[in-house]
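Close look at the chain arrangement
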Protein chains: 4
Amino acid sequence: MGEKSEQKRRHIIEAARHIFEEKGYKQVTMKDIVEACNISRGGLYLHFGDTESIFCEILRLECKSMEIFRGEDIDEDATAADILLLFLKEQKRRILQKENTLDRAIYEFYFDNGELPKKDNLLKQQFETSVRILKKLIETGVENGEFTCDDCEGKARNIMYVIEGLKINARTIGITDEAVDREILYILSELGL
Amino acid sequence: MGEKSEQKRRHIIEAARHIFEEKGYKQVTMKDIVEACNISRGGLYLHFGDTESIFCEILRLECKSMEIFRGEDIDEDATAADILLLFLKEQKRRILQKENTLDRAIYEFYFDNGELPKKDNLLKQQFETSVRILKKLIETGVENGEFTCDDCEGKARNIMYVIEGLKINARTIGITDEAVDREILYILSELGL
Amino acid sequence: MGEKSEQKRRHIIEAARHIFEEKGYKQVTMKDIVEACNISRGGLYLHFGDTESIFCEILRLECKSMEIFRGEDIDEDATAADILLLFLKEQKRRILQKENTLDRAIYEFYFDNGELPKKDNLLKQQFETSVRILKKLIETGVENGEFTCDDCEGKARNIMYVIEGLKINARTIGITDEAVDREILYILSELGL
Amino acid sequence: MGEKSEQKRRHIIEAARHIFEEKGYKQVTMKDIVEACNISRGGLYLHFGDTESIFCEILRLECKSMEIFRGEDIDEDATAADILLLFLKEQKRRILQKENTLDRAIYEFYFDNGELPKKDNLLKQQFETSVRILKKLIETGVENGEFTCDDCEGKARNIMYVIEGLKINARTIGITDEAVDREILYILSELGL
DNA sequence: CATGAATGAGAGTTCATTCAT
DNA sequence: GATGAATGAACTCTCATTCAT
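Worth saying up front: this structure is predicted, and the values here are computed from it rather than measured.

1. Overview of the protein's contact with DNA strand E
G42 of chain A, T29 of chain B, G42 of chain C together with G42 and G43 of chain D are the nearest of the 33 residues found near DNA strand E. Counting residues per element, the ones that place at least two in the surface near DNA strand E are α1 (2–23) and α3 (41–47) of chain A, α2 (30–37) and α3 (41–47) of chain B, α2 (30–37) and α3 (41–47) of chain C together with α1 (2–23) and α3 (41–47) of chain D. Residue composition of the surface near DNA strand E, grouped by class: 10 nonpolar, 13 polar and 10 charged.

Here you go:
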């Protein structure tokens, strides 16, 4: 029985995700989700009490499934520079992605829930993991003589803030493909590439 | 009469601004504004048809009055480094400012209205003006031998994206005073300071 | 303007009163009252936030307009016995009254709100006023040699508890006209009448 | 199977009773009872179609098990006065008892179902049995010269109405221990005690 | 028989918007 | 021009009741 319930739960989550991607966080109502699910009003409440709990569940799943960039694509004997390029390419994809992304909803959610416990903060985890990975990558590159950098951690953080800046700008003032490329090139140039 | 009407309009704008600062954009209702204005429901509708038009008006005024940082404080014979420090200090203040700021409301507004004509986009203007000013500043500093920088425009843009990244992070995952300082120091160190 | 609002308020109260008389307290919904008033959903909420506040208002008015029995009917040179008979007749009327009475609703209300401040308790006021009046009446009758009674206050309270008992029984197990008469006669016989 | 079914039925009744004691009659939902029983929704409906039928069953059982006061405590050679005191003490206990009593629920039930066939009316049976017992008691006391009373049945009814009055007042306007004692003393004094 | 997920009617509440005065 | 009462649509949430398994 729990099997079927779990299935329905996943179905709701899946449908709700699309709504959140479309409409952001605040403007999504239980009614929206009910309609998207082809489920009854009461049926939804059987599983979730409000949109917040649904969104949190979505975030949790997102968290689990998330990796900064898909390692699968990385060649065994890729250089640090290769991997960095791959990483930045993935970031670019995310920056420019307009559809099928929860980014706007996530921003809205954290505007409202800024005081949530830090460890539950998906964005923070995402950010810090990225910094750590980048730092390692840069250190490796420096050791290999691929990059030049005095303060690897500082540079890693700096890059991530640039990416954050690009991401939010893309969703507010808009940004062109070229503008993103320009920033990526600037980052690479500073690493001596 | 036009005089009096204009006065009331300003009064509405003023009161509405406080509400938007407090609650963001989406969650502000006409009712909120009516109550904050001590005006009648009908009276508000005489001037504005919805919250969007009120917010747009606020943005327009904001645009007019905006300067990246208050020039008044700048000493006549300040060096480029002095001015840059001042600029970054002002940015830091804005990044960390929680109350009395429209930032969150502005983000929310542009999430909803990303397709607005670019020239009306306050954030874009703000961003680009900042880049221009920064670029000039850096160029001056390089000429004076204060800074070292190969690509002044690239650096200016890079700095502004970092600041945007800090600003959005401050409003979502939270950020400490120290973290902002660290990024500022990193920026300065890259300029050879 | 306040004039018209006050009028509407009275209209709501009046319509609501009928509903409470019919259905008691708990089972009355805002919807019931909206429908009884020929008013819009929002219109009712303009005046009252919930059924409790409406009922409290009704109780307050009830309190004001209430007198134990209408003095108008009392002859100038009526004896204490005459007045007592009148009083008991009025009580009988109330005990047996089934329609157009808030009694059931009031009982239900105080079941739920037993912890309300005593001075706001209409039932208590009603009860204690009755005891006081009865006591005076009996004292007068004793002085005039109409009644015999050792403990006038005790007797007054005793009579009021009997009346309360009759009233609640009338609304639960039912009571006949004759049964009420029998108790009234018993009370009178104990006073030597 | 009938055995097991009967057992479950008893279990439901038992659990439901606690709910009715807590919440009265009207405000109890099938959901409340389902949750209190640790039974399935459908399982409850297999036995009872609504809260009314459950409450009626509870009343029926109550009726069976009811005795006005527990004879067990009565000494063989107790005087009528002794027994009367015991009776009144038990009544006092019931008047003041707030928890673990169905009284409020019963009142609410009969408010709604005043027209039920009289023989099913628990309250009426309870009341009339008490009157009969009291009458016998008083007659015995009069015969023994313990009490003075002209109209034993009238007195018995009178006492029971006072007790009903005290009981309902206790649940609406509230009553103190002392107030109950005062009435009991008044009753005794009228019997010449 | 028993289960508990699912349904849908209905109550509560809030606001944008209109309109008679 | 104002006013603020009134309207009604939209949402939230809770249960009684059913029904496939």
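Resuming the write-up.
2. Focus on helix α9 (residues 177–190) of chain D
Helical periodicity: at 3.6 residues per turn, an α-helix aligns residues three or four positions apart in one direction. If you check α9 of chain D, its first and last C-alpha atoms are 20 Å apart, about what 14 residues at 1.5 Å a residue would give, namely 20 Å. Here α9 of chain D has its buried residues at V180, E183, I184, I187 and E190 of chain D. Angularly, the buried residues of α9 of chain D cover 125° about the axis, an arc narrow enough to put them on a single face. With respect to the buried face of α9 of chain D, the exposed residues turned more than 90 degrees away are D177, E178, D181 and S189 of chain D. For α9 of chain D, the elements touching its buried residues are α8 (152–172) of chain C together with α5 (80–96) and α8 (152–172) of chain D. A positive phi of about 85° marks G192 of chain D, the residue just after α9 of chain D.

3. With respect to the interface of chain A and chain B
Many authors give the size of an interface as the accessible area that is lost as the parts come together. On the chain B side, the residues contacting the 30 residues of chain A number 30 residues. Secondary-structure elements contributing two or more residues to the side of chain A that touches chain B are α6 (103–112), α7 (122–143), α8 (152–172) and α9 (177–190) of chain A.

4. A few points about unusual backbone geometry
Even without glycine at this site, N100 of chain B takes up a positive phi of about 55°. Residue class for N100 of chain B comes out exposed when judged on the 9 C-beta atoms lying within 10 Å of it.

5. A look at the interface of chain C and chain D
Contact residues are listed per partner, giving 30 residues for chain C and 30 residues for chain D. Looking at the side of chain C that touches chain D, the element that brings in the most residues is α8 of chain C, giving 12 residues.

6. Quick word on the relation of the copies chain A and chain B
Expressed as a screw operation, the relation of chain A to chain B combines 0.0 Å of axial shift with a rotation of 178°, fitting to an RMSD of 0.3 Å. Given the turn and translation reported, the copies of this chain are related as if by a two-fold rotation axis. Among all C-alpha atoms of chain A, that of G165 of chain A lies closest to the rotation axis, at 2.0 Å. Comparing interface residues between copies, 100% of those in chain A also lie at the interface in chain B; the contact surface is shared.

7. So, the protein's contact with DNA strand F
Within the structure, DNA strand F sits among 31 residues, and T29 and G42 of chain A, G42 of chain B, G42 of chain C together with T29 of chain D are positioned closest to it. The set of elements that each furnish at least two residues to the surface near DNA strand F consists of α2 (30–37) and α3 of chain A, α3 of chain B, α1 (2–23) and α3 of chain C together with α2 (30–37) and α3 of chain D. Residues of the surface near DNA strand F, tallied by class, amount to 10 nonpolar, 12 polar and 9 charged.

8. Some details on the nonpolar core
Grouped together as the largest cluster of nonpolar side chains are 80 residues, with contacts concentrated most on F20 and V162 of chain A together with F20 and V162 of chain B. The contact partners of F20 of chain A, leaving out residues within four places of it in the chain, are Y25, V28, F55, I58, L102 and A105 of chain A.

9. Observations concerning the domain arrangement of chain A
All names here are of chain A. Domain annotation for chain A reports domain 1 (2–63) and domain 2 (66–190). Elements that contribute at least two residues to the side of domain 1 that touches domain 2 include exactly α1 and α4 (51–65). The element best represented in the side of domain 1 that touches domain 2 is α4, accounting for 4 residues. Its residues assigned to classes, the side of domain 1 that touches domain 2 comprises 5 nonpolar, 1 polar and 3 charged.

Scoring rules and cut-offs
Residues numbered from 1 in each chain as written. Chains lettered and ligands numbered in written order. Predicted model: local features only at pLDDT ≥ 70, side-chain atom pairs only at ≥ 80, totals over all residues. Near = placed C-beta within 6 Å. Helix = DSSP H or I, 4+ residues; strand = E, 2+ residues; numbered from the N terminus. Nonpolar A, V, L, I, M, F, W, Y, C, P; charged D, E, K, R; others polar. Expected span 1.5 Å × (residues − 1). Buried ≥ 20, exposed ≤ 12 C-beta atoms within 10 Å, placed from the backbone. Arc of directions from axis to C-beta. Contact = placed C-beta atoms within 7 Å. Least-squares fit on C-alpha atoms with pLDDT ≥ 70 in both. Core = buried A, V, L, I, M, F, W, Y, C linked by C-beta atoms within 7 Å. Domains from an automatic or database assignment.

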